[in-house]
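Survey of secondary and tertiary structure
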Amino acid sequence: KQRNTYAASGSADKHVRLWKMDVTFKPKSKEDPGGRGWKCEWCFENVHEAPVNLLRFSKMGRAAMPRLTSASHDGLVALLCLETMCALAKISCFEGKPLSSLSVSDNGKSFLNVCEDGSCTLWSFDSKKQTAQLLPPGNVQGKGVYGHWHASGQILCVGEEGWSLWNGNDATPEIEMLRCS
């Protein structure tokens, strides 16, 4: 059985593009690989009003078509359906505050975003509201905070000064803060 391979790109033109690998592509030569077999399948044009800087694929169960979460410089996060090619949700997290990190829960119902000020917050796609704040702006973990939601349900937040581990189900800290050495 042949599997499809997809990639996504966000850009300064405010568009999100979905690319599909052409498995029948044959390069002309090793020195001239051409387009490397990628073709633009779809372009989401009217989702964002600012440049798109973050994209994350997520699955909604084993049989479901993957979804794509995108974020733009103006703090808007969108959940895009790759089956219907439409935006399922658009959430203005923090107007005018660029996001530096985005991670989607394993069940695809919530997401973690990290702003450039270091704040880490959990949001619900269903309610379109913030459900918890893990770290406030200017927190002790320092600049450059990055967050990742693991399949186990744990959330790791890492900054220049330290890191913390959180329970993604109830937003309680498992390890509040350890300094980086």
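One structure accompanies this document, and this report is about it.

Reading guide: rules and limits
The numbers attached to residues start from 1 for each chain and follow its sequence in the written order. Totals for whole chains, interfaces and linings use all residues, but because this is a predicted model, local features are given only for residues with pLDDT of at least 70 and pairs of side-chain atoms are given and counted only at 80 or more. The basis for every side-chain value is the complete set of heavy atoms in the structure, and neither hydrogens nor water enter the calculation. Planes of paired rings set the category: under 30 degrees apart is stacked, over 60 is edge-to-face and the rest tilted, where pairs are Phe, Tyr or Trp rings (Trp by its six-membered ring) whose centres lie within 6.5 Å. Three labels apply to residues, based on accessible area from a 1.4 Å probe with only protein chains included: buried if under 20% of the type maximum, exposed if over 50%, partly exposed otherwise in between. Being paired, for any two strands, means DSSP has found at least two bridges between them. Under the DSSP-based scheme used, a helix requires at least four consecutive residues in state H or I and a strand at least two consecutive residues in state E, with every element numbered from the N terminus. The axes are straight lines fitted to the C-alpha atoms, using for helices just the contacting stretch, and the angles between their N-to-C directions are given from 0 to 180°. Here, two residues are considered to be in contact whenever any of their heavy atoms come within 4.5 Å of each other. With a 1 Å grid laid over protein atoms only, a set of points is called a cavity when a 1.4 Å probe fits there but cannot get out and a pocket when it is open yet has protein on both sides within 12 Å along at least five of seven lines; lining residues have an atom within 4 Å of a point. Grid points are joined across faces, edges and corners, and a volume is the space filled by probe spheres set on the points. Here the nonpolar group is Ala, Val, Leu, Ile, Met, Phe, Trp, Tyr, Cys and Pro; Asp, Glu, Lys and Arg are the charged ones; every other residue, Gly included, is treated as polar.

In the structure shown here, the tally under the stated rule is 3 aromatic pairs. When the centroid spacing of 6.4 Å and the interplanar angle of 75 degrees are considered together, the rings of Trp-42 and Phe-44 count as edge-to-face. Under the relative-accessibility criterion, Phe-44 is labelled buried at 3%. In this structure an aromatic cluster arises from ring pairing among Phe-111, Trp-123 and Phe-125.

Sheet strands line up and pair through hydrogen bonds in the backbone, either parallel or antiparallel. Pairing is antiparallel across the open sheet formed by 4 strands, whose spatial order is E4-E5-E6-E7. Each end of this open sheet is capped by a strand with a single partner; those strands are strand E4 (52–58) and strand E7 (86–92). Direction aside, the axes of adjacent strands within the sheet are offset by 20 degrees on average. The sheet contact formed by strand E6 (residues 76–81) and E7 spans 6 bridges and is antiparallel. Each bridged residue has a counterpart across the sheet, and for Val-77 the counterpart in E7 is Ile-91.

Attention now moves to the environment of Gly-159. Relative to the helices and strands, Gly-159 is located in the loop between strand E13 (154–158) and strand E14 (162–167). Along the sequence, Gly-159 and Val-145 sit 14 residues apart, while their C-alpha atoms lie 4.0 Å from each other. Residues within four places of Gly-159 in sequence aside, it is in contact with Gln-141, Lys-143, Gly-144, Val-145 and Cys-180.

Next up on the list: the layout of surface pockets. Approximately 240 Å³ is the volume found for the second largest pocket. Forming the walls of the second largest pocket are 16 residues, and the residues nearest its centre are Phe-57, Val-104, Ser-105, Asp-106 and Trp-149. At 4 residues, the largest contribution of residues to the lining of the second largest pocket is made by strand E12 (residues 146–149). Of the residues belonging to the lining of the second largest pocket, the class tally is 6 nonpolar, 7 polar and 3 charged.

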